[in-house]
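Residues per chain, in single letters:
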Amino acid sequence: VNEGHNVVLAQSFAKNFGLYGERTGTLSVVCNDAAEKSAVMSQLKLIIRPMYSSPPIHGSSIVRTVLTDDGLTSEYYENCKEMATRIRAMREKLVETLKGVGSTHDWSHVTEQIGMFAFTGMSSDMCDELTSKYSIFLTRDGRISLAGLNDGNIEYVAKAIHSVTDGKSITS
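Owing to the predicted nature of the structure, the values given are computational and were not obtained by experimental measurement.

(A) Quick look at the nonpolar core. In terms of nonpolar packing, the biggest core is built from 25 residues, with Leu94, Met122, Leu130 and Ile161 touching the most fellow members. Going through the elements one at a time, helix H4 (70-100), helix H6 (124-134) and helix H7 (154-165) are the ones with two or more residues in this core. With six residues, H7 is the largest single contributor of residues to this core. Counting six residues, the second largest nonpolar core, distinct from the first, contains Phe13, Leu19, Val66 and Tyr76.

(B) Spatial organisation of a nonpolar patch on the surface. On the surface, a nonpolar cluster with roughly 370 Å² of combined accessible area is contributed by Ile47, Ile48, Met51 and Tyr52. Structurally, Tyr52 is set in the loop between helix H2 (34-48) and helix H3 (58-67).

(C) Molecular detail of the packing of H6 against H7. Orientation of H6 relative to H7, taken along the N-to-C sense of each, is 130°, at an axis distance of 10 Å. On the basis of the axis angle, H6 is oblique to H7. Considering how the two elements wind past one another, H6 and H7 form a crossing that is right-handed. Counted together, Met126, Glu129, Leu130 and Tyr134 of H6 and Tyr156, Ala160, Ile161, Ser163, Val164 and Thr165 of H7 form the full contact between these two elements. Grouping the amino acids of the contact of H6 with H7 by side-chain chemistry returns seven nonpolar, two polar and one charged.

(D) Main features of H7. Here H7 contains twelve residues, and its C-alpha end-to-end distance of 16 Å stays within 8% of the 16 Å for a straight helix at 1.5 Å per residue. Buried residues of H7: Ile154, Val157, Ala158, Ala160, Ile161, His162, Val164 and Thr165, and no others. In the segment just after H7, Gly167 is the residue with positive phi, at about 80°.

(E) Quick peek at the environment of Asp33. Within the secondary structure, Asp33 is located in the loop between strand S2 (25-30) and H2. Judged by its relative accessible area of 43%, Asp33 falls in the partly exposed class. Sequence spacing of Asp33 and Ile154 is 121 residues, and the spatial spacing of their C-alpha atoms is 55 Å. A polar contact is formed between the side chain of Asp33 and the backbone nitrogen of Ala35, at a distance of 3.2 Å.

(F) Geometry of the side chain of His109. Along the chain, the position of His109 falls in helix H5 (residues 108-112). Its relative accessible area of 9% is what places His109 among the buried residues. A distance of 3.4 Å separates a polar atom in the side chain of His109 from the backbone oxygen of Asp106. Those residues in contact with His109 that lie beyond four places of it in its chain are Phe119, Thr120, Gly121, Ile170, Thr171 and Ser172.

(G) Molecular detail of the packing of H4 against H7. At a closest axis distance of 9 Å, the pairing of H4 and H7 adopts a crossing angle of 55°. Between H4 and H7, the angle is such that the two are oblique. The two elements H4 and H7 cross, and the hand of that crossing is right-handed. Along the contact surface, H4 presents Met90, Lys93, Leu94, Thr97 and Leu98, while H7 presents Ile154, Glu155, Val157, Ala158, Ile161 and His162. When grouped by side-chain class, the residues that make up the contact of H4 with H7 number seven nonpolar, two polar and two charged.

(H) Fine view of the pattern of salt bridges. The final tally for this structure, using the stated rule, is five salt bridges. Between Arg140 and Asp128 there is a salt bridge, with its nearest N and O atoms 2.8 Å apart. With Arg140 in the loop between H6 and strand S4 (143-145) and Asp128 in helix H6, this pair connects stretches of sequence that are twelve residues apart. A relative accessible area of 31% means that Asp128 is categorised as partly exposed. Its salt-bridge partner being Glu129, residue Lys168 comes within 4.0 Å of it at the nearest N-O pair. In this pair, Lys168 is assigned in the segment after H7 and Glu129 in helix H6, connecting sequence segments 39 residues apart.

Calculation rules
- Residues numbered from 1 in each chain as written.
- Predicted model: local features only at pLDDT ≥ 70, side-chain atom pairs only at ≥ 80, totals over all residues.
- Heavy atoms only, no water.
- Core = buried A, V, L, I, M, F, W, Y, C linked by side-chain atoms within 4.5 Å.
- Buried < 20%, exposed > 50% of the residue type's maximum accessible area, 1.4 Å probe, protein only.
- Helix = DSSP H or I, 4+ residues; strand = E, 2+ residues; numbered from the N terminus.
- Patch = residues over 30% accessible without salt bridge, like charges linked within 9 Å, V, L, I, M, F, W, Y side chains within 5 Å.
- Areas by Shrake-Rupley, 256 points an atom, 1.4 Å probe, with all protein chains shown as cover.
- Salt bridge = Lys/Arg side-chain N within 4 Å of Asp/Glu carboxyl O.
- Axes fitted to C-alpha atoms, helices over the stretch in contact; angles between N-to-C directions.
- Parallel < 35°, antiparallel > 145°, perpendicular 65-115°, else oblique.
- Left-handed = near helix turned anticlockwise from the far one by under 90°.
- Contact = heavy atoms within 4.5 Å.
- Nonpolar A, V, L, I, M, F, W, Y, C, P; charged D, E, K, R; others polar.
- Expected span 1.5 Å × (residues − 1).
- Polar contact = N/O pair within 3.5 Å; in protein donor to acceptor, adjacent residues only side chain to side chain.

Below, the structure written as structure tokens:
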């Protein structure tokens, strides 16, 4: 901003608050003055109007309720921290279990990533086989949700991944 750049920031709260389908988020635009703000708002209204007439309000109400209450905000951030810790642990355990079931691939790219998903480096054929043979669902580019892993299924998933990647190359 100080260097004269125009800034537009889009944020989604869908994942953060589990509000999928609620179109909950913000669009922030840094304007230089009131005249620019008026011009930007005019253009945004032209763009948004045809998309929807009455957007859902309960998603934004939930976010507002949580973020304006100190107790709920604290609980929300604690829950986020707990989930991030659990997912990080599942990443590490998946890689450890893959090694334990005999995989010789370097899976360090999985533990080096962050977030709910991991890019495994598996090909679309490997992904298709995981889905058809083992009922493990992931995108065909190898992106898998780690949130669904737990102590009860991680060995099954690791064995299945090893089965479809053994002797084949993966990308990291």
